[in-house]
Amino acid sequence: MTQNYGAQGNEYLLTPEQIEQFHRDGYVTLTAVMSEQELARIEPIFEAFIRGEVPGMGRDFCDMSGPYDRKFEEFSLVNAVVPRRYKTEIEGNLFELRSASVARQLVGPAATLDYDQFLAKRPNKPDAVFTWHQDLGYWPTGTPEPLTATCSLALDDADEENGCLKVVPQSQKGELRPHRPLHGQDRESSHILSVELTDQDPVVLLPLKRGDMTVHDEMIIHGSGGNSSKDRWRRTYITAYRSAACVAHERAIGFTHSHNDTVNWQTALGALDLYQPAMITTHSPIFDVRWS
């Protein structure tokens, strides 16, 4: 009997080759995860967050390319973290269901939603850069079963001009690198962390069509450039899945991925322990928006 792959009701079925690529390269690109009609049903609530219409978010509504105190009208990379906490009607939407099915195939049957996130790069914002990083650099280390499937759905066509995702394939096989806080001295004061690339780090662009999705793991080095398009947004809906044991450990130490969390970063965040200020200068590629 012929196996059907791709979107199938509430699921998205992966080919053996796609599963192999994720574990080999640290990422995979999936096409036609959501149809035009299906996207139209989730866009209104996404737009409410991006327009700044959802109150009470605190630091969970910020600019991921600038400091916490940047005014909303000056945001370049609009960021809404854990939106389902602020509008529960998001829960259980079709994208959550399909991305969860992808995660179970990649992480295992105990894959659990860890957090969600809305990101939007405004047009004509070349500084809307998401600097190079490893996701685990932002998260507590020492968690059980840390393998992650982070699913990033394109709500707009994404390419180099409007700041599509870039990855360093197979970098997940290396070590956690030192992460530098860009707008403060520590994780509490800086919501943006960055790593430095080396000459041995090959960069691959991952352009997407609207409705396509990338999936990457917690250790691959990735980032994205600014949006130099004059009139095109780059909007992304993210859901990230980890094992139930990993999520339970995070919650036990007070970590929910919210920027409003109160966490002892000195004992929980290994990436900053690795960072030494003398290691990185202002000539480092992490400060170059063309490559971040």
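Computed from a predicted model, the values in this text were never measured in an experiment. (Residues numbered from 1 in each chain as written. Predicted model: local features only at pLDDT ≥ 70, side-chain atom pairs only at ≥ 80, totals over all residues. Heavy atoms only, no water.)

Chemist: For this particular structure, what's the right way to read the pattern of salt bridges?
Modeler: Once their charged atoms are close, side chains differing in charge can pair, the charge on each being opposite to the other. Enumeration according to the criterion identifies 21 salt bridges in this entry. For R84, the salt bridge identified is with E96, shortest N-O distance 3.0 Å. Pair noted here: R84 is in helix α3 (residues 83-86) and E96 is in helix α4 (residues 94-107), with a separation of 12 residues, a long-range link. Residue class for E96 comes out buried when judged on its relative accessible area of 8%. For E250, the salt bridge goes to R251, with nearest N and O atoms at 3.0 Å. The exposure class assigned to R251 is partly exposed, which follows from its relative accessible area of 32%. Look at the salt bridges and you will find they share partners, linking E36, E43, E47, D156, R210 and R235 into a network. (Salt bridge = Lys/Arg side-chain N within 4 Å of Asp/Glu carboxyl O. Helix = DSSP H or I, 4+ residues; strand = E, 2+ residues; numbered from the N terminus. Buried < 20%, exposed > 50% of the residue type's maximum accessible area, 1.4 Å probe, protein only.)

Chemist: Whenever I open this one, the side chain of T143 confuses me. Can you help?
Modeler: On the secondary structure map, T143 appears in the loop between β7 (130-133) and β8 (149-154). T143 has contacts with R242, C246, H249 and E250, leaving out every residue within four places of it along the chain. (Contact = heavy atoms within 4.5 Å.)

Chemist: Looking at this model, I keep getting lost on the sheet that holds strand β6 (residues 111-121). Mind explaining?
Modeler: In a beta sheet, neighbouring strands are held together by backbone hydrogen bonds and run either parallel or antiparallel to one another. In space, the seven strands of this open sheet follow the order β3-β13-β8-β15-β6-β5-β4, with antiparallel pairing throughout. Both outer strands of the open sheet, β3 (27-30) and β4 (61-63), are each paired with one neighbouring strand and no more. Strand-to-strand twist of the sheet, defined as the mean angle between neighbouring strand axes without regard to direction, takes the value 20°. Bridge count between β8 and strand β13 (residues 213-216): four bridges; the pairing is antiparallel. Bridge pairing in β13 places T150 opposite H216. Along the sheet, helix α1 (residues 16-25) contacts β3, β8 and β13; its crossing angle with β3, the most-contacted strand, is approximately 145°. (Pairing = 2+ DSSP bridges. Axes fitted to C-alpha atoms, helices over the stretch in contact; angles between N-to-C directions.)

Chemist: Just checking my understanding: could you explain α4 for this structure?
Modeler: Along an α-helix, residues three or four apart share an orientation, since each turn contains 3.6 residues. Under the 1.5 Å per step criterion, the end-to-end length of α4 is 20 Å for 14 residues, consistent within 8% with the ideal 20 Å. The buried fraction of α4 amounts to 10 of the 14 residues, a majority that puts the element mostly inside the structure. Listed in full, the buried residues belonging to α4 are L94, F95, E96, R98, S99, A100, S101, V102, A103 and L106. The residue sitting at the N-terminus of α4 and contributing the capping side-chain oxygen is N93; that oxygen lies 2.9 Å from the backbone nitrogen of F95. In the segment just after α4, G108 is the residue with positive phi, at about 125°. (Expected span 1.5 Å × (residues − 1). Polar contact = N/O pair within 3.5 Å; in protein donor to acceptor, adjacent residues only side chain to side chain.)

Chemist: What exactly am I supposed to notice about the sheet that holds β7 here?
Modeler: Taken in spatial order, the four strands make up an open sheet running β7-β14-β9-β12, and their pairing is antiparallel. The open sheet is flanked by β7 and β12 (204-206), the only strands paired with a single partner. With strand direction ignored, the average angle separating the axes of adjacent strands in the sheet is 25°. Bridge count for strand β9 (residues 165-168) against β12 is three bridges, and the pairing is antiparallel. Its bridge partner lying in β12, K166 is registered against L205.

Chemist: Quick question: what am I supposed to make of the pairing of strand β15 (residues 234-243) here?
Modeler: When a strand is regular, its side chains alternate between the sheet's two faces. Counting buried residues in β15 gives 10 out of 10 residues, a clear majority hidden from the surface. As defined by bridge partners, β6 adjoins β15 across 10 bridges and the pair is classed as antiparallel. Opposite Q117, over in β15, you have I238 as the bridge partner. Alignment of β8 against β15, held across six bridges, turns out to be antiparallel. Bridged to C151 within β15 is T239.

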